Amino acid sequence: MSLTVELFDLPAHQFHRFWGASGSLWQSLWDGFLDIVGDNPFLLWTIGSYVYTSVVYWTIGTIYTLLDVTGRPAFMRRYKVQPGTNEPVDPERLRAVIKQVLLNQLGTGLPLLVVMYRLLPTQSREMIRELPTFVTIVWQLAVCVLIEEVLFYYSHRLLHDGRIYRYIHKRHHEWTAPIAITAMYAHPIENVLSNLLPIAVGVWTTGCHISVAWLWFTLAISNTLHVHSGYHLPFLPSPEQHDFHHLKFNQCYGVLGVLDWLHGTSDLFHRSKQSKRDYILTTLEPVRETYPDQ
């Protein structure tokens, strides 16, 4: 074997060894978790997923809400996308949001998890103990991301149709300057059609392991909370496009922005000051100071 081939093969060999050791660790931790909570597939996919997603939503959402309610720490206001809004957030409006989100999670989220479980391939329902490989996780997450982009974009545009907007989607747009937990502040029909199904269909399509589903739920939930938060924080997803959507109503319907570009529904955004701020912040300098309004 030539030296060139050996040098080329070395990183792959080392990665294989690293992932093998890492995979063994995760498998051991997963086995320990199942030994404690049990490995009943139905309960894990339904009640387990409901509890897990609720904890993720309310943990991140509560942190943001405390910023909005207390206004502290004060330096965080420098990262506001729309300065002067929700400072502090109105308590009555906040209570209405919390009530609606809890109703959506219990009234639509839990039933959909039961339906999702029934539609899963037999292997996904029964193969609980053995974790998937790294490659499998990557391609399944990629498929979930693409499916969400397509389903969310078109369902979202449908909800903006003038014939149905005021009956369903208008509730979500009561917040022209959204806060994090308004991510699921929506009519129950919208919550199923535009919030839950775009995420669930990827799980059905890939037939992924429950651990991959939970990882996907974590990514999707945390992202929607961040882009609704009203804060453009360092090292987190940029909220500029979706915040602009709440401000202008007829721009930036998607998640990734690919379909918005294809359909020309982000043209106004790309001509705006907000588009210059639409990047992941890798320094502590707020984007509004880097790109001020004037």
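Refer to the structure above for everything that follows.
Given the structure is predicted, the values throughout are model-derived calculations rather than measurements. (Residues numbered from 1 in each chain as written. Predicted model: local features only at pLDDT ≥ 70, side-chain atom pairs only at ≥ 80, totals over all residues. Heavy atoms only, no water.)

**Focus: the overall build of the protein**
We count it as follows: Elements are defined by DSSP. Helices are runs of H or I of four residues or more, strands are runs of E of two residues or more, and each kind is numbered from the N terminus. C-alpha atoms define the radius of gyration, and 2.2 Å times the number of residues to the power 0.38 defines the globule rule. Working definition: with a 1.4 Å probe on protein chains only, accessible area under 20% of the residue-type maximum means buried, over 50% means exposed, and in between means partly exposed. Residue contacts follow a heavy-atom distance rule, with two residues in contact if any of their heavy atoms lie within 4.5 Å. For the area figures, the Shrake-Rupley method with a 1.4 Å probe applies, and any residue is considered shielded solely by the protein chains shown.
Looking only at helices and strands, one finds twelve helices and zero strands in the protein. Reading the protein from its N terminus to its C terminus gives the helix and strand order α-α-α-α-α-α-α-α-α-α-α-α. The C-alpha atoms of the protein give a radius of gyration of 21 Å, which matches the 19 Å a tight globule of 294 residues would have. Taking the principal axes of its C-alpha atoms as reference, the protein extends roughly 60 × 50 × 40 Å. A total of 294 residues make up the protein; the buried ones form 46% of that total. Of all intrachain contacts in the protein linking residues separated by at least 6 positions in sequence, the fraction that spans at least 24 positions is 73%. Summed over its atoms, the accessible surface of the protein is roughly 15400 Å², and 66% of this surface lies on carbon and sulfur atoms.

**Side note on helix 3 (residues 91-119)**
Defined as follows: By this rule, a helix spans an expected 1.5 Å times one less than how many residues it contains.
Across its 29 residues, helix 3 extends 41 Å between first and last C-alpha, which sits within 8% of the 42 Å expected from 1.5 Å per residue. Residues L94, V97, Q100, V101, N104, Q105, T108, G109, L112, L113, M116 and Y117 constitute the buried set of helix 3. Tucked into the core, helix 3 has its buried residues touching helix 2 (41-70), helix 4 (122-126), helix 6 (188-206) and helix 7 (210-228).

**A closer look at helix 2**
Rule in force here: Bend at a residue means the angle formed by two fitted axes: the first through the 7 residues ending at that position, the second through the 7 residues beginning there. Residues adjacent in sequence count toward polar contacts only when both atoms are side-chain atoms; beyond that, a polar contact is any pair of N or O atoms within 3.5 Å, and within protein one must be able to donate a hydrogen and the other to accept it.
Between its first and last C-alpha, helix 2 extends 42 Å over 30 residues, near the 44 Å set by a 1.5 Å rise per residue. Bending of helix 2 peaks at approximately 35° at the position of G48. Two or three places before F42, at the opening of helix 2, N40 has a side-chain oxygen 3.0 Å from that residue's backbone nitrogen. A positive backbone phi angle near 70° is found at G71, which sits one or two residues after helix 2.

**Digging into the nonpolar core**
Definition in use: Here the nonpolar core consists of buried residues drawn from Ala, Val, Leu, Ile, Met, Phe, Trp, Tyr and Cys, with membership extended through side-chain atoms lying within 4.5 Å.
Among the nonpolar cores identified, the biggest contains 51 residues, and W45, Y57, M116, V203, W216 and F217 are the most heavily contacted of them. Only helix 1 (3-37), helix 2, helix 3, helix 5 (134-159), helix 6 and helix 7 provide two or more residues apiece to this core. It is helix 7 that contributes the most residues to this core, nine residues altogether.

**Here's the deal with the side chain of N86**
For N86, the location among the structural elements is in the loop between helix 2 and helix 3. Here A177 takes part through its backbone oxygen, which lies 2.9 Å from a polar atom of the side chain of N86. Beyond its immediate sequence surroundings of up to four residues, N86 is in contact with D68, R77, K80, W175, A177, P178 and I179.

**As for the packing of aromatic side chains**
Put simply, the rule is: Here a pair means two rings of Phe, Tyr or Trp (six-membered ring of Trp) with centres within 6.5 Å. Their orientation is stacked below 30 degrees between planes, edge-to-face above 60, and tilted elsewhere. Charge-over-ring placement is defined geometrically: NZ (Lys) or CZ (Arg) within 6 Å of the ring centre, and within 35 degrees of the ring normal.
Taken as a whole and judged by the stated rule, the model has eleven aromatic pairs. Between the aromatic rings of Y52 and W214, the centroid separation amounts to 5.2 Å while the plane-to-plane angle is 15°, which identifies the pairing as stacked. Of this pair, Y52 sits in helix 2 while W214 is found in helix 7, placing the two residues 162 residues apart along the sequence. Residues F244 and F269 carry aromatic rings whose centres are separated by 5.3 Å and whose planes lie at 65° to one another, so their mutual orientation is edge-to-face. In this pair, F244 sits in helix 8 (residues 240-248) while F269 sits in helix 10 (residues 267-270), placing the two residues 25 residues apart along the sequence. F244 sits in the buried class, given a relative accessible area of 3%. Grouped by ring-pair contacts, the aromatic residues W30, F33, Y52 and W214 constitute a single cluster. The ring of W175 carries the charged tip of R93 above its face, separated from the ring centre by 3.8 Å. When the ring centre of Y117 is taken as origin, the NZ or CZ atom of R125, which lies over that ring, is 5.5 Å away.

**As for the environment of Y253**
Here Y253 lies in the loop between helix 8 and helix 9 (258-263). Along the backbone, Y253 and V69 are 184 residues apart, and their C-alpha atoms lie at a distance of 28 Å. Apart from residues no more than four positions distant in its own chain, Y253 is found in contact with F152, Y153, H156, R157, H160, H245, D260 and T265.

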